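Fold and contact review
Residue-level listing of the chains:
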Amino acid sequence: MAFFQPQAKTVPKHTVDPVLQPWIEKYRPKTIDDVSAQEHTVTVLRKALLSTNLPHMLFYGPPGTGKTSTILALARQLFGPDNFRNRVLELNASDERGISVVREKIKTFARQTPRAQAANSDGKSYPCPPYKIIILDEADSMTQDAQGALRRIMETYARITRFCLVCNYVTRIIEPLASRCSKFRFTPLDPLSTSSRLTHIAAAEHVEVTPEVVTTLIDASNGDLRRSITYLQSASRLSSSADPPTPITPRDIQEIAGVVPTTVVNDLARTLGLDVSSDMIVDAVTPKRRGFDAIQKKVKEVIREGYSVAQLLSQLHDLIIHHQMLPARQKATCALVIAEADKALCDGADEELWLLEVAMQTYKALSR
Amino acid sequence: MSLWVDRFRPKTLDDLHYHHDLSTRLKALAASEDFPHMLFYGPSGAGKKTRINCTLRQLFGTGVEKLKIDQRVFVSPSRRKLEINLVQSSYHIEITPSEAGSYDRVVVQDLLKEIAQTQQVDLGAKHRFKVVVINEADFLSRDAQAALRRTMEKYMSNMRIILCANSTSRLIAPIRSRCLLVRVAAPTAQEIQAVVEHVARKMKFDVPPEASLQIAEDAAGNMRKALLVFEALKMQSPDLSGPLRIAKPDWETYCHKVAELIVQEQSPARVMEVRAKFYELLSHCIPPTVILKTVAEKVAERVDEALKADVMHWAAFYELRMRLGSKKIYHLEAWVVKVMCLYKHFTYNFDMSEFD
């Protein structure tokens, strides 16, 4: 038996399609009713589906809330799998989307008369209304000029083409475009719908997850469903590929998500003179005052461990803001410092210098 | 005759000397059919590159070591030609898009799409996908990162991406959420020491424990530096006995000299002198951030406790300015003047408020 197994493994290697789809693709909602949360949007869209008339649409909201999934599901429900290909044009940031593309590709597609409805191979009937849909995913990364060029196109061909803009930041869409669309806001998912979706996927993939793991997943992803599904998939990959397979622990999730361990954050906070005893009981003994050298040493240590400073700052921020004994004034000062550092990091400043800067300023604020 | 760093670089995951947990994980991942996109991050000299190469070898076998270097020409939207060096084997391809400066988006779009749309033709290959290794991923522009987003999802069946970065702060969240994050922490002094002794054994000589310990502590978690220093020391004194003097790199002693100058005297003439030194350093291609950091740390060491925080504060402040601006020397100088001003104010109790 033992020497049959390797053979059995090598034979189907190139015959079986090894497209191991990421779960986020595999479990993309097929119909708009499958979309988690977003009740308001779904209700409106279901109405639109019944009347088979769509306005131009603008979907906006934080990443991983189901914007792209919703429009894809909607289009699929409208046209069916066979007509989908020639009725929908999907463009995203990985495609060239300068002004020339708007003028040529989008315009040509927009002014084509929709092709006749092809017979549906799966036997179901779809409404298949007489217009096409152009989906501009990640529309906030389009240039102003390109957006400007869209204005007239949207109006001229409105009879035979509907546009759907999908973006994270509605403010980056120029006003004339935004006013031509009906806007749909997607809110971050509430923990309840996230956890039900996660348990559903875990059950479908035969992965065992404990409630603690689900809670950790939700905490680590801040309402971003895609992120939590990716983390879950990575964790299950790691645990199943280990020999023997190990159960997923909350710590695994944290490591995958790049979350800094609480002990490291607390240690740093303690060096800064913040009292982080686990029980939070008023203590007469104030933490030992440390000087510049001790803090610098600690910062260097943290940097050497390779943690992401942006992540560390956000955790330190949470720790300080939710601290029970600090006066509001000190908290405000600390928050200001951290905000400054976050901006600096986004601009690409040196991590070590800014962590030290935050550490020193916080230390100063706390010792006042 | 190559350097020891390259000669004794571990080739397989089993040869790695530290982070054994990580190695077993990588091995398990490489063995499974389902290999994710990955993002390796950690300080320099921690062994990210070594681990990536070992993982590739684990994935595809020795074939990945047959490398050839290619040059490709890309045309930017404004018809400018960009030449990019590619290192590739038949299973993977390695690029450093930051070479293309602000046109890295073109490189990422064109190259990745091209690779993604061609399938592996070699039937003997262990996996159907090719791997694209992107170096210095944290220097990718926002546009280039945005271009990666959908590509990473869409072409998952033909391609996997391995990103290599110093920190994840500069990567946009959508990229981070699509990758399996792998943190490679810097080795501890003991781990470096063990590696140094391992190299010594391989070269068939003994290294006194004091020497290896000193090397390990001096390297501050940078394995590459430790091995380079070790080799240099061996050249200097073949028996490695007696008190060792680990020679600092030239630029570092030079930076220390600059710090000395700043603390000794604060005058316009001195600023000019320091400026000349900075120019010298910059013309030797020492990154301005490194210069500022080294000098600032040295200055902070030599001034009074009360001033230390301020020195580092302004260093952080001007470092950010340096990134945003285009001419580095202005900001280096501005920092020097600021520090001198603070120092003078502090030591002589001058009231400098009206000069601020």
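Whatever comes next refers back to the structure up there.
Here goes a summary of the coordinates provided. Small disclaimer: the values here were computed from a predicted structure and weren't measured.

Some points on the environment of B:Gln88
All names here are of chain B. With respect to the secondary-structure elements, Gln88 resides in strand 3 (residues 81-88). With 24 residues separating them in the primary sequence, Gln88 and Val64 have C-alpha atoms 8.3 Å apart. Setting aside anything within four residues of it in sequence, one finds Gln88 in contact with Lys66, Leu67, Lys68, Asp70 and Ile93. A polar side-chain atom of Gln88 sits 3.0 Å from a polar atom in the side chain of Asp70.

Points about the pattern of salt bridges
Applying the stated criterion across every chain, the model contains 31 salt bridges over all chains. Put simply, B:Arg25 and A:Asp252 hold a salt bridge, and the shortest N to O gap is 3.1 Å. Of the two residues, B:Arg25 is situated in helix 2 (residues 20-31) and A:Asp252 in helix 11 (residues 250-257); the pairing between them involves two chains. What makes B:Arg25 partly exposed here is its relative accessible area of 27%.

With respect to the packing of aromatic side chains
Taken as a whole and assessed by the stated rule, the structure comprises 11 aromatic pairs over all chains. Pairing A:Phe59 with A:Phe186 gives two aromatic rings, centres 5.1 Å apart and planes at 45°, and the pair type is tilted. With a gap of 127 residues between them, A:Phe59 in strand 1 (residues 57-60) and A:Phe186 in the loop between strand 5 (182-185) and helix 8 (191-204) connect regions that are remote in the sequence. You'll find A:Phe59 and A:Phe186 in the same group, each marked buried. Connected via pairs of aromatic rings, a cluster forms that spans B:Phe35, B:Phe60, B:Tyr91 and B:Phe129. It is A:Lys132 that lies over the ring of A:Phe109; its NZ or CZ is 5.7 Å from the centre. In this structure, B:Arg51 packs its charged tip against the face of B:Tyr18, placed 4.8 Å from the ring centre.

Observations concerning the packing of helix 9 (residues 211-221) of chain A against helix 11 of chain A
Residue and element names in this part refer to chain A. Between helix 9 and helix 11, the least distance of the axes is 9 Å, while the angle of their chain directions is 20°. With respect to their mutual orientation, helix 9 and helix 11 come out roughly parallel. Here helix 9 runs over helix 11; the crossing is right-handed. Together, Glu212, Val213, Thr216, Leu217 and Ala220 of helix 9 and Pro250, Ile253, Gln254 and Ala257 of helix 11 make up the contact between the two elements.

Rules and cut-offs
- Residues numbered from 1 in each chain as written.
- Chains lettered and ligands numbered in written order.
- Predicted model: local features only at pLDDT ≥ 70, side-chain atom pairs only at ≥ 80, totals over all residues.
- Heavy atoms only, no water.
- Helix = DSSP H or I, 4+ residues; strand = E, 2+ residues; numbered from the N terminus.
- Contact = heavy atoms within 4.5 Å.
- Polar contact = N/O pair within 3.5 Å; in protein donor to acceptor, adjacent residues only side chain to side chain.
- Salt bridge = Lys/Arg side-chain N within 4 Å of Asp/Glu carboxyl O.
- Buried < 20%, exposed > 50% of the residue type's maximum accessible area, 1.4 Å probe, protein only.
- Phe/Tyr/Trp six-rings, centres within 6.5 Å; stacked < 30°, edge-to-face > 60°.
- Lys NZ or Arg CZ within 6 Å of the ring centre and 35° of its normal.
- Axes fitted to C-alpha atoms, helices over the stretch in contact; angles between N-to-C directions.
- Parallel < 35°, antiparallel > 145°, perpendicular 65-115°, else oblique.
- Left-handed = near helix turned anticlockwise from the far one by under 90°.

This is a description of form; function is not addressed.
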